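# Secondary and tertiary structure notes
Each chain, written out:
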Amino acid sequence: MLRYRLSNAAQADVIDILAWSHEQFGELAGLRYESLIVAALRDVATQPDRPGSIARAELGPGVRSWHLRLSRDHVDAGAGVVRRSRHFLIYRVEPGLLVVGRVLHDAMELARHLDPDASWQ
C-alpha cells in the first residue's frame, strides 16, 4: 500500500463534507461518511488503477478519480452503510506516494474545481 497525502484543498473538502453531513444528517451519519472516505483512501492507496477508477487526462497527467460508492463494501460493518455517497477522490501517484488533490461532489464539473497547473500541496 502506498503512503497517501491529502492536499490542503482536499483536507478542506473533507472537513466541509463531514461538517455538512453531520449538520444535515446527524453525528452518526457524519461518522459513517468519514469511515467511507477512509476506506476509499485505503482502496486507492492499495491499487491506484483499480477497476472502477477513471483516468482523468483532462485534469492533468496521471490524474484519476474514484467514486466513494465503490468502497462501500470495504467499510467496517460496525460503522454502518452510506447508501448514497456523492463524492469522488481526485488523485495521482507520485514516486512512492498517492496524492489526493480534491474530494468533490459528483454533480460538480470536475475541471472547474481542479486546475491542472495548480499545486497539489
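Before reading further, recall that the structure is shown in the block above.
Criteria and cut-off values
Residues numbered from 1 in each chain as written. Predicted model: local features only at pLDDT ≥ 70, side-chain atom pairs only at ≥ 80, totals over all residues. Heavy atoms only, no water. Helix = DSSP H or I, 4+ residues; strand = E, 2+ residues; numbered from the N terminus. Rg over C-alpha atoms; globule rule 2.2 N^0.38 Å. Contact = heavy atoms within 4.5 Å. Areas by Shrake-Rupley, 256 points an atom, 1.4 Å probe, with all protein chains shown as cover. Lys, Arg positive; Asp, Glu negative; His and termini not counted. Charge placed at Lys NZ, Arg CZ, Asp CG, Glu CD. Patch = residues over 30% accessible without salt bridge, like charges linked within 9 Å, V, L, I, M, F, W, Y side chains within 5 Å. Salt bridge = Lys/Arg side-chain N within 4 Å of Asp/Glu carboxyl O. Buried < 20%, exposed > 50% of the residue type's maximum accessible area, 1.4 Å probe, protein only.

Quick look at the overall build of the protein chain now. Scanning the protein chain from N- to C-terminus turns up 3 helices and 5 strands. Listing each helix as α and each strand as β along the protein chain from the N terminus yields β-α-α-β-β-β-β-α. Compactness check: the protein chain gives a C-alpha radius of gyration of 14 Å against a globular reference of 14 Å for 121 residues, within 12% of the reference. Here the C-alpha coordinates of the protein chain stretch approximately 35 × 30 × 20 Å along the principal axes. Within the protein chain, residue pairs in contact and separated by at least 24 positions form 56% of the contacts whose partners lie at least 6 positions apart. Only carbon and sulfur atoms are counted for the fraction: they give 51% of the accessible area of the protein chain, which is about 7000 Å². Averaging the positions of the 15 positive and the 15 negative side-chain charges in the protein chain gives two centres separated by 4 Å.

Another aspect to go through is a positive patch on the surface. On the surface, a cluster of positive charge is made up of R69, R72, R83 and R84. Structurally, R72 can be placed in the loop between strand 3 (64–67) and strand 4 (87–94). When its relative accessible area of 31% is taken as the criterion, R72 is described as partly exposed.

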